[in-house]
Structure formats: structure tokens, C-alpha cells
Amino acid sequence: MSELSERPEKSVVGVSLPHESAALHVTGAALYTDDLIHRTKDVLHAYPVQAVKAHGRITALRTEHALAVPGVVRVLTVADVPGVNDAGMKHDEPLFPDTVMFYGHAVAWVLGETLEAARLGAAAVEVELDELPSVVTLQDAIAADSFHGARPVMLTGDAETGFADSAHVFTGEFQFSDQEHFYLETHAALALVDEAEQVFVQSSTQHPSETQEIVAHVLGLHSHEVTVQCLRMGGGFGGKEMQPHGFAAIAALGAKLTGRPVRVRLNRTQDLTMSGKRHGFHAQWKIGFDADGRIRALDATLTADGGWSLDLSEPVVARALCHIDNTYWIPNARVAGRIAKTNKASNTAFRGFGGPQGMLVIEDIMGRCAPLLGLDPMELRERNFYAQGQVTPYGQSVAQPERISAVWQQVKETGGLADRKREIAAFNSAHPHTKRALAITGVKFGISFNLTAFNQGGALVLIYKDGSVLINHGGTEMGQGLHTKMLQVAATTLGIPPHKVRLAPTRTDKVPNTSATAASSGADLNGAAVKNACQQLRERLLQVAATQLGSSAADVRIVEGVARSLGSDKELAWDDLVRTAYFQRVQLSAAGFYRTEGLHWDAKSFSGTPFKYFAIGAAAAEVEVDGFTGAYRIRRVDIVHDVGDSLSPMIDIGQVEGGFVQGAGWLTLEDLRWDTGDGPNRGRLLTQAASTYKLPSFSEMPEEFNVTLLENATEEGAVYGSKAVGEPPLMLAFSVREALRQAAAAFGPSGVSVELASPATPEAVYWAIQAARRDEGPRAGFAGFAGLAHHGSVVGGHPGNGEIRTNAATLSGA
């Protein structure tokens, strides 16, 4: 086993510790970015001037009335930008636009002595537009050929030959929804300028280094003149990876121009209307199976709704393509990706980063095609699992494919699926108006940033003379427990109790050039960097201890804060060891660094080894559906998830639970709506609050929720044998949607294929039930179906109406 993965005796990693800020969270003592205004003197408040059209050239921007409002100090416009008027890394996001690109686009910002003064000032700004045609829906963008960015194509094998060799070929399309992050803490930034003209920004950001870079180029400064700090975030989920930069730049620009601290904090409606979401997707597909139900070929085109600018849409689409296989081997494939340009807020990173969208396509296909093949969906999925030696469509070998089957079988056994399926069949026979169903789905999710350069992490570890330790690392804490894990890694590596270690807030002047805390890589990258820094310090201290204990450094162990030499009774307490090292002029600080090895990606050929490893999981969900309303409840969920050797089991189980619930929200509840009419509010987001955008609550939680971490699952080459946990559990929620599909089908005749919209709201489930009752879906058993090559058409209806249209003639092979 490698030194990175090996665990010492009595390690602190692997112990279930509470979140390092848990007590602060529950008592309200934890400080977030916007709390700092109460500790800052003479703060000005910024308020956006939002356009009320989806698209149009700005012909006039009159600010004089705003300046007449009592308490208004200044109105920020493009004329005030000393550097580059752009808040994006693609240079396609002007901070102050000359063309409005979506309903709610901020065209200016008002600074006021109070938030109310700034709000009234913003209302007084007059904006005149030359309105232009707008593209609001994904369907409109496809019809108008409105696209931007790269158009990758992933090829493996020979798709045409694969289809020719297939016994069954089906085609279809599927459009599914985007998702709002709805973090508890909205976007916030607080900026000030010190006596040396250094800009200091407190920001709720997952990517402080990039926030620093954007602020610097907007102000026309070098990065070393800007420091960004992130105390903690009240949730991020990817929504604070790219999009905080512009808000931080507004605060910094205001502070630079006025000489006073400036605060930006969006209210919930502003956050919903101004910030991007998870990308909604449209998929058009064709799939071929052999006579045994094994996939032979796939041809698909995935179209993402990118919004008005590129943001992170290109890597999101790339990851979607890389995850369309999920746990299934697809020997022949052609999968294309493209990004629709629409007049909406620019869509961005969201937990899973395109992976969920790609995986949802194949899981929807499997769920729709299983009845047509005359197979139980569970059996169809099992027959297509990866086996040893098989590679993904982009050319990466799937290591440890046996874990796919291992977690699957464990869920089946511990969840008692066989017995419960028999019980469900009996229940359904006795209840004509209520049906239950049980579905199981798996997850194979690649861990690493697709862009190889981002797979690096840094840390700075300081030991003080009294033996206390301070850690700085490049990761940000958004409630996911990263800081807790880093405390455990440092304590384990140094051989000291965790109370000796403290985390400093994430700052760009302590650890430079960091990657975003994203791609589920926070613990992998920063944990390895922290371990590297602590190893340097430990090696120095072992030399000191060896001298004091009269032995060689190779024979010294530091365990639970005491240095001992093998075969000797002599001991040296940690505090005494550190003090001795100081007087011997031994350096007690170290910068750690880590780069993920073995990665390669060729974006042109869309091939390589982009991931360090795959996170694996399986979930079984049982649902009960009301046939009159489509209302449902989740009766039970059983999950087995592979996190390697967990760094912090309680944190990881919480992440699995939270990810699953967030995924279930995306797939079943969260329904974003825009005004798509031709009236004056075209392009306006209609679901602007929790009153109109339904989020998962306690009533949507499974009545029985069992989460187990896979045991004896050491991941070689990762920090202390652990695996990432942030994103993969979200996709376990596919099991809920598939169970709802099967429950709806149970209202119809045996073998009917049910199409189900996503999100599968009660309304969507109701329409699926109605279609099943009318037997409108394609079915197995048509004349000539079994064993004959035929080309069935499963044509998707508009999401939300549950409509299914099929062509029985083609299904029968006519």
C-alpha cells in the first residue's frame, strides 16, 4: 500500500467526529460573510438595477434621479470600471452589459448608506431598451439553431455495426428539468480597502482564487493586491463556484471608488433571478440490445440549456458525456454534446456537474426499455454491468468493477428485496387504486476535475511553540465537513489529539492558486496536501525526538501526542518535543502540495483517463402511489455506498443522506417555470420563492432510511484510503424515479412501457398512470417482437404533461 493510503495505529481518521462547527451552527454563533457587516464601520450597501426584459440593447441609462434619493452615495456603471469589464473566465460576461441578456440582468448597482436607500435608488434609475427577440426555452433554442461553445463527440467501437447486430432497437427523446441550488445563504460579499490600497474581500465563494483573479482584472490590479477570504458558506452545491465573482467585483469596485467598505447581499428573489441553475437537458437517443438484453450500441445527442453565457457549460456537457454509461458497458457508441444559448441566467455548476444529467439519460432508457424486452428492470441493469477488463466509451479502464455488483448485492440482501417484491405484488393485486413499487439503481461516478490542471491542492501548516497547530488549506467549507476531515488528517499524520489542531479560514494570501472546492475532490486534493505538509513537519520532529530519546528517527513513533522509541520505555510529550525543536531552530511551518497522478485527457479526441477512480453506490427505493391524484410517498430507502475507508464516517453518512434527498428533489419535486408567452414579462422566472418552488422537506423523507458504507474498501492512491463523497450520492435518487415509473405502470396491463417526466411531480405521475391505464405506451408481446430485429419508437412528450406517443406499427415490426 502507498504511503498516501496507509493508516497509522490509533489514527484519528476513521473516527466519527461531529462537524467542527456543529455547536456554532446550532447556537447561531457561526459567522457567515454577511454577518461581518455588523463588525465593520461605515458599510455601504449595494443594490442591483435589474432589467425587466429578456433581451434588448440598452439605449439609455439615467442615474440622476437615483442620486437625488436621500442616502444614495453613488451609482456604479460601466464608466467606473478601471480594468476589464467582465466577470467571467470566458470573457463573455460583462459586469455592466450594454445588451440585456435575461430578465433580471443587473445593468447598474446603487450604493447607499442603508439597504433601503440603495433599493429606492435602484428603483429610480431609468433604463431604456431596444427590445430584441428572445429565446427562452430549450426547444426554441434547438429550433432556432441557437448554440454556443464546444460540440464534443464521444466515439467508441462502431455504432452502425452495433445497431446492425442488435436484436432490438429503440429510439426516443427525453427532456428534463434544471434545478435551483437554493442554498440557505444567498450570494454575499464584503469588500474594503486598507491604508496600503490593498483590496480585501470576504466572499461566499467555492473558488477564492478565481474570485481574486476576477476582482483583480476588473479593478486593473495584480492578484497580489487582492486578498479573498471565505469564512464558511451556508451551502454552495456548485452555485458558488463561478457566480460569486461578479458580486465580489461589485463590492470591491464600490470600495475602491468610495474608500468605504461595500456589502453585496442578494435577497432570495434576486438570487433566484440573477444566478444560474443546474443545466436542463434534452436528449435524443437510439439504443440497440442483443437478444439477451445486453447493450450493443448507443447513439445520442445531449443538449444542455447553457443560458446566456458559457460559464461552466462546456465542462458540464463533457462530464455528462463521460457519465452516460453509468454502470453499464456500451461497446459501440456515438454521443454528441452541445450547448443551447438562451435568454436566461447563465446556468452553472451543480452537485454532480453534468454527471447526473448524463446518467439520467441511460437510466431513463433502461427503465423504458426493460418492459419492452420482457425483462425486470433490475435484471436488465444487472446484465449490463461493467466486468473486468472493460473500458468506458472515452477509453478509461474501469478498475474494481466488482464493487458495482458488490454494493448492488448488499442492497438486495440487507434490504430483503426478493421478499418485499413478493409482498408488493400481493399488495398491488389487492389494491386497485393504490400501487407500490420497488426499484434499485446504481452509481459509477468519476472523481477528478475533467481539466487535468485543476487536480492540485495546497496547504500551509504551522506549529506554534506551545504545541498547537494551525492549518490553512485551499478548500472551502460549505457545510460538507471538509474542515472536519482536514483536522482529522492533520491530527493523524502528526500523531496528536484533534483538539491540538485548528483550521484557519480559507484565504488566498496563505495558499495561492487553489482549485475550486468542487468535483467532489476537496478531501482528496486538500487532504493529501495537508498530509504532505504534516509529513514534512513530522520528519523534522522525528529527528529531534530521536536525539532526545537516544534512538534512530526510523524507530520513533508519535502516537496520541507522545513520542516513543521502539523497544524503549522513554517518552517525550508532544509539547516538549515542539519546544525542544524550536530551541534547536528547527522550522515549524511547512507548505504542502499534491497533484493527482495518472490523469490524461485529450479534449479533441474526447478520450483519455480523466478520473483518478470511480465512486460506486446502489440504492433501492420503495414508493406508494395514489391512483386518483398521483401523490406518492417514499416508504423505504436502502443505500450501500463506497467511500473507500472513510475519513469521517458520520460526516460521510450525512453527505450520502443529504445528496440523496437533493437528488430526489431534482427528480420529483423541483419544477422551475418561466413565462414563455409573448407578453411584457416574457422570460421572467415565475418560481421566485419557496412558496412557488417546492423543495424537499421532512414530509418527503423516506419513512425508513438505511445508509451503509461499504466495508473493507480501501482506495489505493487516495488520502488514507478514502474516496470522495460529495456528489455521487445525489444520483442514488434515480431509484425513486424508477420506482415511481414502475408504480405507475402497475395501474396498467403487464409489460407496458411508461414514460415519466422529470421532475416526476404528482401531476406527472398522474398523467403517467392515466397513460398506463389507457395502455398508450408501447408493450412487449407485439407480433414478431421477441427475437426479431425491429425498430420501436418511444417518443417523449413535453415534460410535465406525461403524454406518451408511440407507433404500434413500427413496434410490431411492420
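Now for a quick tour of the structure. What you are looking at is a predicted structure, and each value in this text was computed from that prediction instead of being measured.

**Description of the pattern of salt bridges**
Alright, step 1. Tallied over the full model, the rule gives 54 salt bridges.
Alright, step 2. Note that K41 is salt-bridged to D42, the shortest N-O span being 3.1 Å.
Alright, step 3. The exposure class assigned to K41 is exposed, which follows from its relative accessible area of 63%.
Alright, step 4. A salt bridge links R507 to D509, with the nearest nitrogen and oxygen atoms 2.7 Å apart.
Alright, step 5. When its relative accessible area of 24% is taken as the criterion, R507 is described as partly exposed.
Alright, step 6. Since its relative accessible area comes to 39%, D509 is described here as partly exposed.
Alright, step 7. Within the structure, one salt-bridge network assembled from shared partners comprises E363, D364, R368, R381, R737, E738 and R741.

**Observations regarding the packing of helix 18 (residues 734-745) against helix 19 (residues 762-773)**
Alright, step 1. In contact at an axis separation of 8 Å, helix 18 and helix 19 are set at 40° when each is read in the N-to-C sense. Judged by the twist between their axes, the crossing of helix 18 over helix 19 is right-handed. On the side of helix 18, the interface is formed by L740, A744 and A745, while helix 19 contributes V765, A768, I769 and A772.
Alright, step 2. Residues that form the contact of helix 18 with helix 19 fall into these classes: 7 nonpolar, no polar and no charged.

**What to know about empty space enclosed by the protein**
Alright, step 1. A complete count under the given rule lists 8 cavities of 30 Å³ or more for this structure.
Alright, step 2. Considering only enclosed or pocket space, the largest cavity measures out at about 350 Å³ in volume.
Alright, step 3. E93, G246, F247, M274 and W308 are, among the 20 residues lining the largest cavity, the residues nearest its centre.
Alright, step 4. Among the secondary structure elements, those contributing two or more residues to the lining of the largest cavity are strand 5 (106-112) and helix 7 (244-258).
Alright, step 5. It is helix 7 that provides the largest number of residues to the lining of the largest cavity, a total of 3 residues.
Alright, step 6. Each residue belonging to the lining of the largest cavity can be placed in one class, and the counts come to 12 nonpolar, 6 polar and 2 charged.
Alright, step 7. Taken together, 13 residues line the second largest cavity, and the ones lying closest to its centre are T273, K344, A345, W674 and L685.
Alright, step 8. Across the lining of the second largest cavity, the residue classes tally to 6 nonpolar, 5 polar and 2 charged.

About the criteria used
- Throughout, residues of each chain are indexed from 1 in the direction in which the sequence is written.
- Only residues with pLDDT of at least 70 are given local features in this predicted model, and only at 80 or more are side-chain atom pairs given and counted; all residues enter the totals for whole chains, interfaces and linings.
- Excluding hydrogens and water, the side-chain values take into account all heavy atoms of the structure.
- What counts as a salt bridge is simple: a side-chain nitrogen of Lys or Arg found within 4 Å of a carboxyl oxygen of Asp or Glu.
- A 1.4 Å probe rolled over the protein chains alone gives each residue an accessible area, and that area as a share of the maximum for its type sets the label: buried under 20%, exposed over 50%, partly exposed in between.
- Here an axis means a line fitted to C-alpha atoms, over the contact stretch when the element is a helix, while the angle between two N-to-C directions is reported on a 0 to 180 degree scale.
- Where helices and strands are cited, they refer to DSSP runs of H or I of at least four residues and of E of at least two residues respectively, numbered from the N terminus.
- For any helix crossing, the convention is left-handed if the near helix is rotated counterclockwise from the far helix by under a right angle, and right-handed if that rotation is clockwise.
- Note on contacts: a residue pair is in contact if any heavy atoms of the two residues lie within 4.5 Å.
- Lys, Arg, Asp and Glu make up the charged group, whereas Ala, Val, Leu, Ile, Met, Phe, Trp, Tyr, Cys and Pro make up the nonpolar group; the residues left over, Gly among them, are polar.
- Both cavities and pockets are sets of points on a 1 Å grid over the protein atoms alone; in a cavity a 1.4 Å probe fits but cannot get out, in a pocket the set is open with protein on both sides within 12 Å along at least five of seven lines, and lining residues sit with an atom within 4 Å of a point.
- Grid points are joined across faces, edges and corners, and a volume is the space filled by probe spheres set on the points.

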